[in-house]
Amino acid sequence: MSAYRGAVYGVQANIETNDPALCSPSGGSPSFSTAWAMVTPDQPYHWAQSGYVDVGAVNSTFTHGFHYMSQYTQSCRPTCSGVTTVITGSPGTTVHTYSSALRPSDNRIHMTVGSTNLDTVNYDVRNYWASAWGGQFGGETMHTESDVPGTSSDHTTFGHIYKVASDGSLDFFSNLAFAETGSTRYHHNLGNADSGGLFVDIWTNPL
Amino acid sequence: MKKSNRATIAAIAVACIAGLTTISVADAHSSEIGNADLSTETPAPSSSANVDAEKSASSTPVTQGKLETTSVPDQVIEAVSDHGISMTPVATTDEQVAELKVAISAKAADEVARSNLGFPADLVADTATLATVTTANYGTELEADPTKPSRIDPAIDKRLTWVLTYASAPMPLLGKAALERTDDGPSTIDSQVLVLVDPSSGDFLYSIGY
């Protein structure tokens, strides 16, 4: 009997690309800001996600890095701190579809952007993850002076937010709740999308 | 005196004050996962606090490498092979690199890596090797039907690249949002990192931290 009898085997979302400002391009301290879609079990220390990340260049003569990223936890967690992170390519300026989902043909979670496979989890998570899976979608930044993607005039929109079923088929999430609240600078909005399902906007204001 | 004060204020303005901020939405596990075995899989409430502590503790100083033109260490080759990366060394000495007359030096490739990944200014790669590399897990998925075996056309396929290795470098630690989490300090994790840089254009191609 499969341990995964639940409805969520993965997540998918269209995420608008916005290049966030970071607090210091040359301050000698790395900084980053991200937007992502994640599948995660009902445990705090496992996840698999894909999205984009802006990392600050510590040498001001070089441009910063604005890339696709994927990250997943290694099987040894929580007894180890291991994660595997791939950073590659460039998201440009358009909307991309990000997915992190168990592929039934090989029982591995594939983290993708569009038709590109960014990385594949290198172990069978069914042996390590709790059976209840869910989805998370968000933006994250490392320093309080940095921005999450999106501005007051151009929010970063997460649309076509799907859960992936065991056969790879898609269905809208019917309910999402904010796991973490905004602040005086970081804002969010959740609503019903005209195209169906839910949408989420995030943005920074004031910049 | 005023000039001095302004300079101080400016210096503070460009400093990065740690404070991880996440805006995220999540589905409700209990209502979306159907008949999964929640009764036996509910995590202990203290677990997320452990993750927070890990994030806060992960920003230890990194070691400075020597940027030696040499072979990729065997243990690195073995470790990244587990992530679908294979390579054949082409130039492992300065003399062999010179013979290939590549436009981008190992030092320049190291600058590209540092810039694109936000590494500290004093962090230098431990090794630099010119090699042909294939990324089996990174590329175009040719089989759209997930019920059929994956077929990935590698984005990097037997391509000559600079292969830079770092024994310990800070990578972004992302992870799931947690209701309990507030500002929890620098969110990086020291990882072994392999970076690929195009030796002709200097383009940043790929990195993996593990």
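Let me begin by describing the structure that accompanies this report. (Residues numbered from 1 in each chain as written. Chains lettered and ligands numbered in written order. Predicted model: local features only at pLDDT ≥ 70, side-chain atom pairs only at ≥ 80, totals over all residues. Heavy atoms only, no water.)

### Here we look at the state of the cysteines
Residue and element names in this part refer to chain A. Put simply, the test is: Only a pair of cysteine sulfur atoms within 2.5 Å counts as a disulfide in this structure description. Whether a residue is buried, partly exposed or exposed follows from its accessible area with a 1.4 Å probe, protein chains only, as a fraction of its type maximum: under 20%, in between, or over 50%, in that order.
One pass over the full model with this rule turns up 1 disulfide over all chains. Here C76 engages in a disulfide with C80; their sulfurs sit 1.8 Å apart. Looking along the S-S bond of the C76-C80 disulfide, the torsion reads about 70°, which is the right-handed sense. Looking at C80, the relative accessible area reads 21%, which means it is partly exposed.

### Concerning the pairing of strand 10 (residues 156-164) of chain A
Residue and element names in this part refer to chain A. Quick note on the threshold: Comment: elements are numbered from the N terminus, with helices defined as DSSP H or I runs of at least four residues and strands as E runs of at least two. Only strands joined by at least two bridges in the DSSP assignment are considered to pair.
Counting buried residues in strand 10 gives 7 out of 9 residues, a clear majority hidden from the surface. Alignment of strand 1 (residues 10-15) against strand 10, held across 5 bridges, turns out to be antiparallel. Bridging from a neighbouring strand, Q12 pairs with Y162 of strand 10. Across 3 bridges, strand 10 lies against strand 14 (residues 198-204) in antiparallel orientation. Bridged to F158 within strand 14 is V200. Across 3 bridges, strand 10 lies against strand 11 (residues 170-172) in antiparallel orientation. Each bridged residue has a counterpart across the sheet, and for K163 the counterpart in strand 11 is D171.

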